[in-house]
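The chain contents come next:
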Amino acid sequence: MKFFQAASRWSRNHKFFLTSFGVLAGGGSSLIYALEQSIHASNDAAHVAKQKWNHNGWFDTLDHASVRRGWEVYKNVCAACHSIEYLAYRELVGVCLTEDEAKAEAAEQMIDDGPDETGAMYKRPGKLSDIIPKPYPNEEAGRYANGGAYPPDLTYITQARIDGENYIFALLTGYMDPPAGISLAENQHYNPYFPGGAIGMAQALYDEIIEYGDGTPATQSQCAKDVITFLKWCAEPEHDTRKLFAMKAFTILGVLNLVVWYLHRHYWSVLKSRKILQSPKSLFKK
């Protein structure tokens, strides 16, 4: 009630400004929403189904067993074409591998280094501080090996695609024979979840394509789920820590809110409950 009484005393210019601001804000939001929907509507790819991911809740963490299995899928299947060039071997320690395992895997790679004292470049075994090497030395080599299509880097792929994990899962498990009336060029494959349907990447995941170290059945959907969870960790290695800090912050703020509420009532109760008596001057004269 007090708000409406105060609003009734606002000047005409003030009301005009607030009304104009509300109309512009609402119109701008509606325009952005309409443009986004038009982009989705113009996409000729199939609708992506929503999957239930273990890490999607506000306080849910990544499935770290799945992250470790996802590293196995990436290393044995995806690494032949796709890079994760923003990830170093040391970041795998304690997440996917032990320190000794990470050192051993890094040492299997020959890394370009130098120059030495003679000015020549040389190769050396990898170290924990090295970035995981790319499968191709440059983009041209990657396109030549893949019929003109360049495999994207996967470090932040879950953040770089609309509907992230759901889209990648549908893409990895959605290969099929092209329907009647659709012809594909050489080295192209049909996937209804890829814009246009024709994709240069062949189907990569099959049942039992690898053998998991922990004995988990390596079905196609399991491999897809695990590698996507691993890529989610690659894009957001701070995922679990961020949610842990959020839980702590909400807890502390909740306690502080109760303290502030109590202090507010304690200090203002006297002022809010007092009564002010006004006596006319005529009473004092009498």
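Residues numbered from 1 in each chain as written. Predicted model: local features only at pLDDT ≥ 70, side-chain atom pairs only at ≥ 80, totals over all residues. Heavy atoms only, no water.

## Focus on the state of the cysteines
Next up, step 1: All told, the structure shown has 0 disulfides when counted by the stated rule.
Next up, step 2: Between Cys81, a cysteine without a disulfide, and Cys78, which holds the nearest cysteine sulfur, the sulfur-to-sulfur distance is 8.9 Å.
Next up, step 3: Among the cysteines around Cys96, which has no disulfide bond, Cys234 carries the closest sulfur, lying 7.1 Å off.
Next up, step 4: Residue classification places Cys96 among the buried residues on the basis of a relative accessible area of 8%. (Disulfide = S-S within 2.5 Å. Buried < 20%, exposed > 50% of the residue type's maximum accessible area, 1.4 Å probe, protein only.)

## Considering the nonpolar core
Next up, step 1: Counting 42 residues, the largest nonpolar core has Trp71, Ile84, Leu92, Phe230 and Trp233 as its most contacted members.
Next up, step 2: Breaking this core down by element, the ones donating at least two residues are α3 (64-76), α4 (99-107), α7 (164-173) and α8 (220-235).
Next up, step 3: Contact partners of Trp233, with chain neighbours within four places excluded, come to Leu62, Val67, Leu87, Glu91, Leu92 and Val95. (Core = buried A, V, L, I, M, F, W, Y, C linked by side-chain atoms within 4.5 Å. Helix = DSSP H or I, 4+ residues; strand = E, 2+ residues; numbered from the N terminus. Contact = heavy atoms within 4.5 Å.)

## Looking at the UniProt feature "binding site: heme c" (unreviewed entry) in the protein chain
Next up, step 1: Within this structure's numbering, the places UniProt gives as "binding site: heme c" (unreviewed entry) are Cys78, Cys81, His82 and Met201. For the annotated residues, spread through 124 residues, the largest C-alpha to C-alpha distance comes to 10.9 Å, consistent with a single compact locus. In the annotation above, Cys78, Cys81, His82 and Met201 are the residues that line the largest pocket.
Next up, step 2: Structurally, the position occupied by Cys78 is in the loop between α3 and α4.
Next up, step 3: Residue classification places Cys78 among the buried positions, given a relative accessible area of 14%.
Next up, step 4: Apart from residues no more than four positions distant in its own chain, Cys78 is found in contact with Val73, Leu154 and Val227.
Next up, step 5: Mapped onto the secondary structure, Cys81 falls in the loop between α3 and α4. (UniProt positions renumbered as here; feature names shortened; annotations may be inferred. 1 Å grid on protein atoms, 1.4 Å probe; cavity = no way out; pocket = protein on both sides within 12 Å on 5 of 7 lines; lining within 4 Å.)

## Details of the layout of surface pockets
Next up, step 1: Of the volumes computed, that of the largest pocket is approximately 690 Å³.
Next up, step 2: In this structure, the largest pocket is lined by 25 residues; those nearest its centre are His82, Pro151, Pro152, Ile199 and Met201.
Next up, step 3: A per-element tally of the lining of the largest pocket places α7 first, with 4 residues.
Next up, step 4: Split by residue class, the lining of the largest pocket holds 21 nonpolar, 3 polar and 1 charged. (Points joined across faces, edges and corners; volume = space filled by probe spheres on them. Nonpolar A, V, L, I, M, F, W, Y, C, P; charged D, E, K, R; others polar.)

## Description of the environment of Arg242
Next up, step 1: Turning to its location among the elements, Arg242 is positioned in helix α9 (residues 239-273).
Next up, step 2: Looking at Arg242, the relative accessible area reads 38%, which means it is partly exposed.
Next up, step 3: Along the chain, Arg242 and Thr61 lie 181 residues apart, while their C-alpha atoms are 9.9 Å from each other.

## Quick look at the packing of aromatic side chains
Next up, step 1: The final tally for this structure, using the stated rule, is 7 aromatic pairs.
Next up, step 2: For Arg69, the ring lying beneath its charged end belongs to Tyr212, and the centroid distance is 5.8 Å. (Phe/Tyr/Trp six-rings, centres within 6.5 Å; stacked < 30°, edge-to-face > 60°. Lys NZ or Arg CZ within 6 Å of the ring centre and 35° of its normal.)

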